[in-house]
Amino acid sequence: MSDRPTAVVAMSAEHWPSLFPDLVHRRLGELVEFDPALVVDRLDDPRLGARLADTEILVTGWGCPAIDGPALDAMPKLRAVLHAAGSVKGHLCPEVWERGIAVSSAAAANAVPVAEYALAAILLAGKGAFGFRERYRRERFFELGFIHPGVGNYRRSVGIIGASRIGRQVIDLLRPFDVDLRVYDPYAADLDVPLVDLRTLLTSSDVVSVHAPSTAETYRMLGRAELALMPDGATLVNTARGQLVDTDALIEELRSGRLSAVLDVTDPEPLPPESPLFHLPNAFVTPHVAGSHGNELARLGACVADELARFLAGEPLRHPVALADLDRGA
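Think of each chain on its own: its residues are numbered from 1, step by step along the sequence as written. For a predicted model such as this one, the threshold for reporting local features is a pLDDT of at least 70, and the threshold for listing and counting side-chain atom pairs is 80 or more; totals across whole chains, interfaces and linings nevertheless cover every residue. Excluded from the side-chain calculation are hydrogens and water; included are all heavy atoms of the structure.

Quick word on the overall build of the protein chain
- Numbering of helices and strands runs from the N terminus, with a helix taken as a DSSP run of H or I at least four residues long and a strand as a DSSP run of E at least two residues long. A tally of helices and strands in the protein chain yields eleven helices and eleven strands.
- Dimensions of the protein chain, computed from C-alpha atoms along their principal axes, come out at roughly 75 × 40 × 40 Å.
- When each of the 330 residues of the protein chain is scored for burial, the buried share is 49%.
- Contact definition: two residues touch when any of their heavy atoms are within 4.5 Å. Taking the contacts inside the protein chain whose residues are at least 6 apart along the sequence as the reference set, 64% of them involve residues at least 24 apart.
- A 1.4 Å probe and the Shrake-Rupley method give the accessible areas. Residues count as covered only by the protein chains that appear here. Looking at the protein chain as shown, the accessible area adds up to about 16,300 Å², and 54% of this sits on carbon and sulfur atoms.
- Positive charge is attributed to Lys and Arg, negative charge to Asp and Glu, and no charge count is given to His or to the chain ends. A charged residue contributes its charge at one atom only: NZ of Lys, CZ of Arg, CG of Asp or CD of Glu. Computed over 32 positive and 44 negative side-chain charges, the inter-centroid distance for the protein chain is 4 Å. Summary of the burial criterion: residues with accessible area below 20% of their type's maximum are buried, those above 50% are exposed, and those between are partly exposed, where the area comes from a 1.4 Å probe applied to protein chains only.

Below you can see the structure in the form of structure tokens.
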């Protein structure tokens, strides 16, 4: 008999190979007793047999079933839920915390590519790259050596909405660049960059990047009145949630040519086929790809393996999720 604790993997089987490639899943096998061929998306899967009764560690991911009271009753020895993705809102009930079960999320690992995408969008927007691309495609000619006025990232004003996990990573990524940063977040108090109110941020930023969570408080926080505050020629970057922006109001601004937008998320999502955002030249829209994809998924699995090692060694989790976090997170 192994002295390693028993673990069960609960997620969509299609994600397992990318989240836990050979090197990572071998590390899991050194820490817990689990069957890499047994990846379930329902806890009443007959293949589990009596395994749930001995399960101490639950490794979850996209496609995980709900972990509610009956599920917890079936796992009386459960000590930790380690989530190889971002939010745990969709599958964990408050009783998980009430029973003293430790919860960790790989949201910090998933934040890395989102912050990288936002950084790239901010710098390309400051350089005028999106507009120049459209102009070059249209005119098929440019004057070599012509110095374009009004573009460039030297002393460019960048506003960050939301000092979230991703927002803070974007701030850190922007530090090496000569940009003027300012942040709006009514709950942040420990930043070394200027904190301003939303109106000030919108009126004074050449590029505005959105990183606030989707809550009742932030729903359509950027509506017609707020978008009207942005200066002519400004760019809105949204990698957070589409519901934070009034899509119709944004389309009106884009149609006027006054603003540009880089949108990885929209409301609705996906967009209807007839949406003007698909053909407006000042809208750069991608299909929710800023988060982890492809080889980036392995970073999430590695994060879970690190957390598992810390938990079994009796060390504090590096990325714990508290019950109170659910109301503030995305």
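Let's talk about the environment of Asp3
- For Asp3, the location among the structural elements is in the segment before β1 (6-10).
- Sequence separation between Asp3 and Leu78 is 75 residues, and the spatial gap between their C-alpha atoms is 16 Å.

What about the sheet that holds strand β5 (residues 102-105)?
- At least two DSSP bridges between two strands are needed for those strands to be called paired. If you walk across this open sheet you meet the five strands as β2-β1-β3-β4-β5, and the pairing is parallel. Strand pairing shows two members of the sheet lacking a second neighbour, β2 (39-40) and β5, which therefore form its edges.
- Where strand β4 (residues 80-83) lies against β5, four bridges are found, and the strand directions are parallel. Along β5, the bridge assignment pairs Ala80 with Ala102.
- Lying on the sheet, helix α11 (residues 297-312) is in contact with β3 (55-60), β4 and β5; it crosses β4 at an angle near 160°. For helices, the fitted line uses only the C-alpha atoms of the stretch in contact; every axis is such a line through C-alpha atoms, and the angle between N-to-C directions lies from 0 to 180 degrees.

Points about the pattern of salt bridges
- Salt bridges, as used here, are contacts in which a Lys or Arg side-chain nitrogen is within 4 Å of a carboxyl oxygen on Asp or Glu. Applying the stated criterion across every chain, the model contains 22 salt bridges.
- A salt bridge links Arg99 to Asp73, with the shortest nitrogen-to-oxygen separation between them at 2.7 Å. Of this pair, Arg99 sits in the loop between α4 (95-98) and β5 while Asp73 sits in helix α3 (residues 69-73), and the two are 26 residues apart along the sequence.
- Each of Asp73, Glu95 and Arg99 takes part in one network of salt bridges that share partners.

Examining the packing of aromatic side chains
- Centres within 6.5 Å are what make two rings of Phe, Tyr or Trp a pair, Trp counting through its six-membered ring; a difference in plane orientation under 30 degrees is then read as stacked, over 60 as edge-to-face, and the rest as tilted. A complete count under the given rule lists four aromatic pairs for this structure.
- Taken together, a centroid distance of 4.7 Å and an interplanar angle of 25° make the contact between Trp16 and Phe20 stacked.
- The buried category is assigned to Phe20, whose relative accessible area is 1%.
- Every member of this aromatic cluster is reached through a ring pair, and the members are Trp16, Phe20 and Phe34.

What about helix α2 (residues 22-31)?
- For α2, the set of buried residues is Val24, Leu28 and Gly29. All buried residues of α2 project into a common sector of 145° when viewed along the axis, lining one side. Facing away from the buried side of α2 by more than 90 degrees, the exposed set consists of Asp22, Leu23 and Glu30.
- Structurally, α2 contributes buried residues whose contacts are with α1 (16-19) and α11. Each C-beta atom gives one direction from the helix axis, and the arc is the one those directions make.

Concerning the sheet that holds strand β9 (residues 235-238)
- Spatial ordering of the open sheet is given by β7-β6-β8-β9-β10-β11, a layout of six strands whose pairing is parallel. At either end of the open sheet lies a strand with only one pairing partner, and these are β7 (179-184) and β11 (283-285). Taken pair by pair, the neighbouring strands of this sheet meet at an average axis angle of 15°, ignoring direction.
- Where strand β8 (residues 207-210) lies against β9, four bridges are found, and the strand directions are parallel. Following the sheet pairing, Ser209 is matched in β9 by Val237.
- Across the sheet, helix α7 (residues 165-174) touches β6 (156-161) and β7, and the angle it forms with β6 is around 160°.

Some points on the pairing of β1
- Counting buried residues in β1 gives five out of five residues, a clear majority hidden from the surface.
- The alternating pattern of β1 places Thr6, Val8 and Ala10 and Ala7 and Val9 on opposite faces, both of which are buried.
- Across five bridges, β1 lies against β3 in parallel orientation. Its bridge partner being in β3, Val9 is matched across the sheet by Val59.
- Sheet analysis places β1 next to β2, joined by two bridges and oriented parallel. When the bridges of β2 are listed, Val9 appears paired with Val39.

A closer look at unusual backbone geometry
- Looking along the chain, the bond that leaves Asp267 and enters Pro268 is cis, with omega of 5°.
- Note on placement: Pro268 falls in the loop between β10 (260-263) and β11.
- Put simply, Glu269 and Pro270 share a cis peptide bond, and its omega is -5°.
- With respect to the secondary-structure elements, Pro270 resides in the loop between β10 and β11.
- In this model, Arg155 sits at a positive phi of 65°, which is unusual for a non-glycine residue.

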